[in-house]
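Okay, here's what each chain looks like letter by letter:
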Amino acid sequence: MIIISVGSNLPGAWGDNPYEMCQKAFYYLGKKLNDTSMIVSPMYQTTPIPPSSQPLYINGVILFDSQIPCEDLLSILNDLEDKAGRIRQKINESRPLDLDIIAYHDKIIKDSSRLIVPHPRAHLRAFVLYPLRDVLPNWIHPESKKSLDELISELPPDQGIEPYI
(Lines give C-alpha, C1' and ligand atoms only; values in the text may rest on other atoms or scores of the structure.)
Protein backbone atom coordinates (compact mmCIF):
# COMPACT_ATOMS: atom_id res chain seq x y z
CA MET A 1 0.00 0.00 0.00
CA ILE A 2 1.24 3.48 -0.86
CA ILE A 3 0.21 6.36 1.40
CA ILE A 4 0.30 9.97 0.19
CA SER A 5 -0.55 12.96 2.38
CA VAL A 6 -2.38 15.84 0.76
CA GLY A 7 -2.56 19.34 2.19
CA SER A 8 -3.30 22.92 1.25
CA ASN A 9 -3.80 26.25 2.98
CA LEU A 10 -4.01 28.57 -0.05
CA PRO A 11 -6.09 28.79 -3.20
CA GLY A 12 -4.23 27.93 -6.38
CA ALA A 13 -4.53 27.05 -10.03
CA TRP A 14 -7.10 24.33 -9.33
CA GLY A 15 -9.45 26.01 -6.88
CA ASP A 16 -10.54 29.03 -4.88
CA ASN A 17 -9.88 27.41 -1.50
CA PRO A 18 -7.71 24.70 0.08
CA TYR A 19 -10.49 22.09 0.08
CA GLU A 20 -10.95 22.44 -3.70
CA MET A 21 -7.19 22.21 -4.17
CA CYS A 22 -7.09 18.89 -2.30
CA GLN A 23 -10.08 17.49 -4.19
CA LYS A 24 -8.46 18.33 -7.52
CA ALA A 25 -5.19 16.78 -6.33
CA PHE A 26 -7.06 13.49 -5.71
CA TYR A 27 -8.55 13.69 -9.19
CA TYR A 28 -5.31 14.55 -11.01
CA LEU A 29 -3.26 11.98 -9.12
CA GLY A 30 -5.77 9.26 -9.99
CA LYS A 31 -5.72 10.36 -13.61
CA LYS A 32 -1.92 10.52 -13.75
CA LEU A 33 -1.59 7.03 -12.27
CA ASN A 34 -4.59 5.69 -14.21
CA ASP A 35 -6.04 4.49 -10.91
CA THR A 36 -9.72 4.72 -10.06
CA SER A 37 -9.47 2.55 -6.95
CA MET A 38 -7.75 5.08 -4.68
CA ILE A 39 -9.06 5.37 -1.15
CA VAL A 40 -9.40 8.96 0.05
CA SER A 41 -9.63 9.76 3.74
CA PRO A 42 -11.98 12.24 5.34
CA MET A 43 -10.47 15.72 5.40
CA TYR A 44 -9.30 17.61 8.47
CA GLN A 45 -8.72 21.27 9.23
CA THR A 46 -5.40 21.72 10.98
CA THR A 47 -3.17 24.39 12.41
CA PRO A 48 0.21 25.07 10.79
CA ILE A 49 3.28 23.24 12.06
CA PRO A 50 5.35 24.84 13.40
CA PRO A 51 2.73 27.20 14.85
CA SER A 52 2.47 30.46 12.89
CA SER A 53 0.01 33.06 11.66
CA GLN A 54 -0.51 31.16 8.38
CA PRO A 55 -4.05 30.21 7.33
CA LEU A 56 -5.38 26.87 8.54
CA TYR A 57 -4.68 23.80 6.42
CA ILE A 58 -6.96 21.19 4.92
CA ASN A 59 -5.33 17.73 5.08
CA GLY A 60 -6.06 14.14 4.20
CA VAL A 61 -4.41 11.02 2.84
CA ILE A 62 -4.76 8.82 -0.24
CA LEU A 63 -4.14 5.09 -0.30
CA PHE A 64 -3.50 3.04 -3.41
CA ASP A 65 -1.60 0.03 -4.59
CA SER A 66 0.90 0.38 -7.42
CA GLN A 67 4.29 -0.84 -8.47
CA ILE A 68 5.36 2.55 -9.81
CA PRO A 69 8.97 3.17 -8.75
CA CYS A 70 9.09 5.43 -5.71
CA GLU A 71 11.37 8.01 -7.41
CA ASP A 72 8.91 8.19 -10.36
CA LEU A 73 6.03 8.71 -7.93
CA LEU A 74 7.92 11.54 -6.23
CA SER A 75 8.45 13.21 -9.62
CA ILE A 76 4.71 12.95 -10.37
CA LEU A 77 3.84 14.50 -7.00
CA ASN A 78 6.31 17.36 -7.49
CA ASP A 79 4.93 17.98 -10.99
CA LEU A 80 1.36 18.12 -9.66
CA GLU A 81 2.41 20.57 -6.93
CA ASP A 82 4.01 22.79 -9.58
CA LYS A 83 0.91 22.66 -11.80
CA ALA A 84 -1.27 23.55 -8.81
CA GLY A 85 0.77 26.72 -8.32
CA ARG A 86 3.24 25.82 -5.61
CA ILE A 87 6.39 27.92 -5.59
CA ARG A 88 9.10 26.73 -3.21
CA GLN A 89 10.84 29.67 -1.57
CA LYS A 90 11.30 28.73 2.06
CA ILE A 91 10.57 25.82 4.36
CA ASN A 92 7.19 25.55 6.13
CA GLU A 93 5.58 28.31 4.08
CA SER A 94 1.92 28.46 3.05
CA ARG A 95 1.19 26.52 -0.12
CA PRO A 96 -1.63 25.75 -2.51
CA LEU A 97 -0.69 22.06 -2.53
CA ASP A 98 1.60 19.76 -0.58
CA LEU A 99 1.91 16.09 -1.57
CA ASP A 100 4.20 13.79 0.41
CA ILE A 101 4.95 10.09 0.23
CA ILE A 102 4.25 8.84 3.75
CA ALA A 103 4.83 5.16 3.08
CA TYR A 104 5.71 3.08 0.05
CA HIS A 105 4.54 -0.44 0.82
CA ASP A 106 6.64 -1.48 3.82
CA LYS A 107 9.92 -0.26 2.38
CA ILE A 108 12.47 1.84 4.20
CA ILE A 109 14.37 4.11 1.79
CA LYS A 110 17.18 6.29 3.09
CA ASP A 111 19.73 6.16 0.32
CA SER A 112 18.30 8.88 -1.86
CA SER A 113 19.12 12.57 -1.76
CA ARG A 114 15.52 13.40 -2.71
CA LEU A 115 13.54 10.79 -0.85
CA ILE A 116 13.23 9.32 2.62
CA VAL A 117 10.52 6.72 3.24
CA PRO A 118 8.68 6.43 5.50
CA HIS A 119 8.33 10.19 5.68
CA PRO A 120 10.70 11.29 8.46
CA ARG A 121 8.10 13.43 10.29
CA ALA A 122 4.85 11.56 9.54
CA HIS A 123 4.78 9.98 12.99
CA LEU A 124 4.87 13.48 14.53
CA ARG A 125 1.96 14.93 12.54
CA ALA A 126 -1.68 14.70 13.61
CA PHE A 127 -2.68 15.82 10.10
CA VAL A 128 -1.18 12.57 8.73
CA LEU A 129 -2.06 10.12 11.50
CA TYR A 130 -5.74 10.98 12.07
CA PRO A 131 -6.86 10.72 8.44
CA LEU A 132 -4.72 7.60 8.01
CA ARG A 133 -6.42 5.97 11.00
CA ASP A 134 -9.80 6.67 9.36
CA VAL A 135 -8.94 4.61 6.27
CA LEU A 136 -6.25 2.17 7.41
CA PRO A 137 -6.66 1.75 11.19
CA ASN A 138 -4.38 -1.29 11.46
CA TRP A 139 -1.39 0.37 9.75
CA ILE A 140 1.93 -0.21 11.47
CA HIS A 141 4.79 2.23 10.97
CA PRO A 142 7.40 0.30 8.93
CA GLU A 143 10.35 1.59 10.92
CA SER A 144 9.17 2.02 14.52
CA LYS A 145 6.67 -0.88 14.30
CA LYS A 146 4.19 1.24 16.29
CA SER A 147 0.44 1.26 15.63
CA LEU A 148 -1.45 4.40 14.69
CA ASP A 149 -3.03 4.52 18.14
CA GLU A 150 0.42 4.37 19.76
CA LEU A 151 1.75 7.10 17.46
CA ILE A 152 -1.29 9.32 18.06
CA SER A 153 -0.93 8.91 21.85
CA GLU A 154 2.65 10.20 21.55
CA LEU A 155 1.82 13.33 19.53
CA PRO A 156 2.81 16.73 20.89
CA PRO A 157 -0.24 18.46 22.39
CA ASP A 158 -0.06 21.68 20.34
CA GLN A 159 -1.49 20.31 17.06
CA GLY A 160 -4.95 21.67 16.41
CA ILE A 161 -6.99 19.25 14.32
CA GLU A 162 -10.69 18.80 13.68
CA PRO A 163 -12.81 17.11 11.03
CA TYR A 164 -13.51 19.34 8.04
CA ILE A 165 -17.20 19.44 7.26
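One can find the structure itself at the top, above this paragraph.
What is the right way to look at helix H1 (residues 18-33) in this model?
Given 3.6 residues to a turn, an α-helix orients residues that are three or four positions apart in the same direction. For H1, spanning 16 residues, the distance from its first C-alpha to its last is 22 Å, which sits close to the expected 22 Å at 1.5 Å a residue. Three or more residues of H1 are buried, namely Pro-18, Met-21, Cys-22, Ala-25, Phe-26, Leu-29, Gly-30 and Leu-33. When H1 is viewed along its axis, its buried side chains cluster within an angular range of 165 degrees and face the same direction. Its buried side turned inward, H1 meets strand E1 (2-8), strand E2 (39-40), strand E4 (57-64), helix H2 (70-84) and strand E5 (98-104). Measuring from the side-chain oxygen of the N-cap residue of H1 to the backbone nitrogen of Tyr-19 gives 3.1 Å; that N-cap residue is Asn-17. Downstream of H1 by one or two residues, Asn-34 has phi in the positive range, about 55 degrees.

I'm lost on the pattern of salt bridges in this one. Help?
A complete count under the given rule lists 10 salt bridges for this structure. Between Lys-32 and Asp-79 there is a salt bridge whose closest N-O contact spans 4.0 Å. Linking Lys-32 in helix H1 with Asp-79 in helix H2, this pair joins segments that are 47 residues apart in sequence. Here Glu-143 ties to Lys-110 by a salt bridge, and the two come within 2.7 Å at their closest N and O atoms. Taken as a pair, Glu-143 in the loop between helix H3 (126-135) and helix H4 (148-153) and Lys-110 in the loop between E5 and H3 lie far apart in primary sequence, 33 residues in all. Overall, Glu-143 belongs to the partly exposed group, its relative accessible area being 38%. For Lys-110, a relative accessible area of 54% corresponds to the exposed category. Here the salt bridges share partners, and the residues they tie into one network are Glu-81, Arg-86, Arg-88, Arg-95 and Asp-98.

Looking at this model, I keep getting lost on the nonpolar core. Mind explaining?
Across soluble globular proteins, nonpolar side chains have a tendency to be buried as a group. Core analysis: the biggest nonpolar cluster contains 30 residues, and Ile-4, Val-6, Leu-29, Phe-64, Leu-73 and Ile-101 have the highest contact counts within it. Among the elements of the structure, E1, H1, E4, H2 and E5 are those that each provide at least two residues to this core. Ranked by residues supplied to this core, first place goes to H2 with 7 residues. Contact partners of Val-6, with chain neighbours within four places excluded, come to Cys-22, Ala-25, Phe-26, Ile-58, Asn-59, Gly-60, Ile-62, Leu-97, Asp-98 and Leu-99. With 17 residues, the next largest nonpolar core counts Val-128, Leu-129, Leu-132 and Trp-139 among its residues.

Definitions and limits used
Residues numbered from 1 in each chain as written. Predicted model: local features only at pLDDT ≥ 70, side-chain atom pairs only at ≥ 80, totals over all residues. Heavy atoms only, no water. Helix = DSSP H or I, 4+ residues; strand = E, 2+ residues; numbered from the N terminus. Expected span 1.5 Å × (residues − 1). Buried < 20%, exposed > 50% of the residue type's maximum accessible area, 1.4 Å probe, protein only. Arc of directions from axis to C-beta. Contact = heavy atoms within 4.5 Å. Polar contact = N/O pair within 3.5 Å; in protein donor to acceptor, adjacent residues only side chain to side chain. Salt bridge = Lys/Arg side-chain N within 4 Å of Asp/Glu carboxyl O. Core = buried A, V, L, I, M, F, W, Y, C linked by side-chain atoms within 4.5 Å.

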